[in-house]
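# What the coordinates show
What follows is each chain in one-letter form.
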Amino acid sequence: MNISKPALISVLIAAALLSGCKDEESKQVTIEFMHSSVEQERQAVITQLIERFSKQNPNIVVKQVPVEEDAYNTKVITLARSGALPEVIEVSHDYAKVMDKEALIDRDAIKKVISNMGEASFYDGVLRIVRTEDATAYTGVPISAWLGGIWYRKSALEKAGVSEPKNWTQLLDAARAMTHAEDKKYGIALPTAESVMTEQTFSQFALSNHANVFNAAGEVTVNSPEMLASLNYYRDLAQYTMPGSNDVMEIKDAFMNGTTPMAFYSTYILPAFYKEGTPADLGFVVPNEKSSAVYGMLTSLTITAGQKEAETEAAEKFIAFMEQAQNSADWVLMSPGAALPVTKAVVDTDSYKNNDVIKAFGTLPAELIAQFPNVQVFGSVGEKNFTRMGDITGSAVLSEMVNSVTVGKKETNAALDRSQQRIVELMKQH
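Summarised in this report is the structure supplied together with it.

### Quick look at the overall build of the protein chain
Across its full length, the protein chain carries 20 helices and ten strands. Taking the principal axes of the C-alpha coordinates as reference, the protein chain spans close to 105 × 50 × 35 Å. Buried residues in the protein chain amount to 53% of all 430 residues. Approximately 19,200 Å² of the protein chain is accessible, and the part contributed by carbon and sulfur atoms is 51%.

Below, the structure written as C-alpha cells:
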C-alpha cells in the first residue's frame, strides 16, 4: 500500500506523540500517605490538599491511607514487616522514636525538607522535640501540635475567691478550697488511670521539679529525690479529684458539666468550650515548681526508609507542599484551637486569623503557641531524645506507678523503687 508523504508525516508525528505520552506515564510516581483523619470532613480537607498538590505536580499520584488511631501503631508494624510501608506517614513524636529505633525513618530525606524550609520557620522549641537521640537529625517534619496543662473556669475561681494558681502550692490550695465531696464537687479533674494520659500529666509535674526518667548519660533516674517529691505531690493533689481511676472521658465530662472548675487536659478542650458558647471564661495555666514545664505532643509527617529514589523525592515534595503556610493552615484548621500551628507563617494566613474558633478565644491561641519553648517530655534531656522512652511509655510502667499511689493508696517510695527496677529490666531487653 502506497502512503502519501503528508499522511506518512502525520503517522510519524502521532507515533512520536504516543511515545512521548508513554514516556510521561513511565515517569509517573505513586506514593501513599498514611494518616489518622478517618472522619469524612477531615478526609475531604486532605483530598483537597492532595488535589492542589497534584495540579502542581501532575507526575506524582498521592494515595490516602486513612487508619483509625487505635489501630495506627499496629498497622505501621504490620506494614513494615511486609515491606509495604507508605512513603509518608503522619506520626506523633512519641511513636516516631519507636520508628527511628527500628530504622524505619529516612533521616536524610527529613533533614533535607527541614533544611530547605529553614529551621527558623518553626517556633522556638518545636524542632528540639523531634531531634534524634544523637541530636544530629530529626524523626519527622512537624506540622501541628497540642499542649496539655491546667484549664479553669474564670467565673468559678472568681466565685470561690481563688486566684489563678501559679505554682504547686497555690494549685493544691485552690483544689482543696473548691472540693466539696459531700456534694460530689471536686477541685480538679486529674488523670489517675493506668493510661498514657496519666503518664503525660505526671510528667509535666515531674519535669517542672527537674525529675526525668533518664539523665544526660542515659541512666535510669526514676527513683530520684526529685521524682519522689513529684509523686508525693501528685498523690496529694489527687485527693481533690473524682474518686476512682479517671481517664480522658471522665476528665472532660467532669470539667464540662461543672463537677470540677479545673482540669488537666489538652488543647482539645477548646472546641468543646467553643460549642458551649463561653470561650471567654476559659483560662489556661502551667503551675510550676522549679521551672515551667508544658506537656506537648507534636504531629509530624515522616518519610519512611527503604523507598526508591523517585518515591523518596516525591515524598519530600509532598511534605514541603504540606508545610507551605496556607496548606499547613488548612491542616491545623481541621481542629481549630485544638491543633496548634508549629510554623510561624500559619498565623498570618487569612483563613487562620479569620477562623471563628480562633477569633472567639482572643489572645489564648497566641498564649498557647508562646508556650512551645517550655515544652518538656520524659526521655528528652537537653538536645537528646532517648528512643527507649517509647518502650517505657508502651509498657505503662509510669502510669501504673501513679495509679498505684493515687487509687491504690500504695506507699510512694516502694512504688518508685519498683518502677526503677522494672525500667532497668526493660532496658536490658531492648
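### A word on the pairing of strand β5 (residues 262-266)
In regular strands, side chains alternate between the two faces of the sheet. Within β5, five of the five residues are buried, which leaves the element mostly enclosed by the surrounding structure. By the alternation rule, side chains of β5 split into Met262, Phe264 and Ser266 and Ala263 and Tyr265, which are all buried. Note: strand β4 (residues 141-153) against β5, five bridges, orientation antiparallel. The residue of β5 that forms the bridge with Ile150 is Phe264.

### Quick notes on the layout of surface pockets
Over the atoms a probe the size of a water molecule is rolled, and this reveals where empty space is left. Roughly 1,800 Å³ of volume is contained in the largest pocket. Lining the largest pocket are 49 residues, and of these Glu69, Ser92, Trp146, Gln200 and Met297 sit closest to its centre. The residue makeup of the lining of the largest pocket, split by class, is 23 nonpolar, 15 polar and eleven charged. Approximately 260 Å³ is the volume attributed to the second largest pocket.

### Considering the packing of helix α10 (residues 225-237) against helix α20 (residues 412-429)
Direction vectors running N to C along α10 and α20 enclose 125°, while the axes themselves pass 10 Å from each other. Considered as vectors, α10 and α20 are oriented oblique to each other. In this structure, α10 crosses over α20, and the sense of that crossing is right-handed. Contacts between α10 and α20 involve Met227, Leu228, Leu231, Asn232 and Arg235 from the former and Thr412, Asn413 and Leu416 from the latter. Residue composition of the contact of α10 with α20, grouped by class: four nonpolar, three polar and one charged.

### With respect to unusual backbone geometry
What is expected of a backbone is that most residues other than glycine have negative phi and most peptide bonds are trans. Phi at Ala135 is positive, roughly 65°, even though this residue is not glycine. Note that Ala135 resides in the loop between α6 (126-129) and β4. Overall, Ala135 belongs to the partly exposed group, its relative accessible area being 28%. The phi angle at Lys409 is positive, at roughly 60°, despite the residue not being glycine. Along the chain, the position of Lys409 falls in the loop between α19 (397-406) and α20.

### Considering the nonpolar core
Counting 86 residues, the largest nonpolar core has Trp151, Leu282, Phe318, Trp331 and Phe372 as its most contacted members. A per-element tally of this core places helix α13 (residues 309-322) first, with six residues. In contact with Leu282, other than residues within four places in its own chain, are Trp151, Tyr152, Lys154, Phe255, Ile269, Leu270, Phe273, Phe361 and Leu364. In terms of nonpolar packing, the next biggest core, distinct from the first, is built from 47 residues, Phe205, Leu231, Met262 and Met427 among them.

### Some remarks on empty space enclosed by the protein
One pass over the full model with this rule turns up one cavity of 30 Å³ or more. Of the voids in this model, the largest cavity is the one considered here, and its volume is about 90 Å³. His93, Asp94, Lys97, Glu199, Gln200, Ser203, Tyr295, Val377, Phe378, Met389 and Thr393 together form the lining of the largest cavity. Contributions of two or more residues to the lining of the largest cavity are made by α4 (93-101), α9 (196-208) and α18 (389-395).

### Quick look at the pairing of strand β7 (residues 295-303)
With nine of nine residues buried, β7 lies mostly within the body of the structure. Of the two faces of β7, both are covered, the one formed by Tyr295, Met297, Thr299, Leu301 and Ile303 as well as the one formed by Gly296, Leu298, Ser300 and Thr302. Relative to β7, strand β3 (residues 88-92) runs antiparallel, the two being bridged by five bridges. Note on β7: the bridge partner recorded for Val88 is Ile303. As paired strands, β4 and β7 are joined by seven bridges and run antiparallel to one another. Bridge pairing in β7 places Trp146 opposite Met297.

### Quick notes on the side chain of His35
Following the sequence through the fold, His35 ends up in strand β1 (residues 29-35). What makes His35 buried here is its relative accessible area of 0%. Polar side-chain contacts of His35 include one of 3.1 Å to the backbone nitrogen of Ser37. Setting aside its immediate chain neighbours within four residues, His35 contacts Gln43, Ile46, Gln64, Val65, Pro66, Val67, Tyr72 and Glu90.

### A look at the packing of aromatic side chains
The full count for this structure, using the stated rule, is 15 aromatic pairs. Note on Phe202 and Tyr234: the rings are 5.7 Å apart at their centroids and 85° apart in plane angle, and the pair reads as edge-to-face. Residue Phe202 is located in helix α9, and its partner Tyr234 is located in helix α10; the two are separated by 32 residues in the primary sequence. Judged by relative accessible area, Tyr234 falls into the buried class, the value being 0%. For the pair Phe214 and Phe386, a centre-to-centre distance of 5.1 Å together with 45° between the ring planes defines the contact as tilted. Taken together, the residues span a long stretch of sequence, with Phe214 in the loop between α9 and α10 and Phe386 in the loop between β10 (384-385) and α18 at a distance of 172 residues. Put simply, the rings of Trp168, Phe202, Phe205, Tyr233, Tyr234 and Phe378 pair up and form one aromatic cluster. The ring of Phe255 has Arg153 sitting right over it, with the charged end atom 5.4 Å from the ring centre.

Reading the values: the criteria
Residues numbered from 1 in each chain as written. Predicted model: local features only at pLDDT ≥ 70, side-chain atom pairs only at ≥ 80, totals over all residues. Heavy atoms only, no water. Helix = DSSP H or I, 4+ residues; strand = E, 2+ residues; numbered from the N terminus. Buried < 20%, exposed > 50% of the residue type's maximum accessible area, 1.4 Å probe, protein only. Areas by Shrake-Rupley, 256 points an atom, 1.4 Å probe, with all protein chains shown as cover. Pairing = 2+ DSSP bridges. 1 Å grid on protein atoms, 1.4 Å probe; cavity = no way out; pocket = protein on both sides within 12 Å on 5 of 7 lines; lining within 4 Å. Points joined across faces, edges and corners; volume = space filled by probe spheres on them. Nonpolar A, V, L, I, M, F, W, Y, C, P; charged D, E, K, R; others polar. Axes fitted to C-alpha atoms, helices over the stretch in contact; angles between N-to-C directions. Parallel < 35°, antiparallel > 145°, perpendicular 65-115°, else oblique. Left-handed = near helix turned anticlockwise from the far one by under 90°. Contact = heavy atoms within 4.5 Å. Core = buried A, V, L, I, M, F, W, Y, C linked by side-chain atoms within 4.5 Å. Polar contact = N/O pair within 3.5 Å; in protein donor to acceptor, adjacent residues only side chain to side chain. Phe/Tyr/Trp six-rings, centres within 6.5 Å; stacked < 30°, edge-to-face > 60°. Lys NZ or Arg CZ within 6 Å of the ring centre and 35° of its normal.

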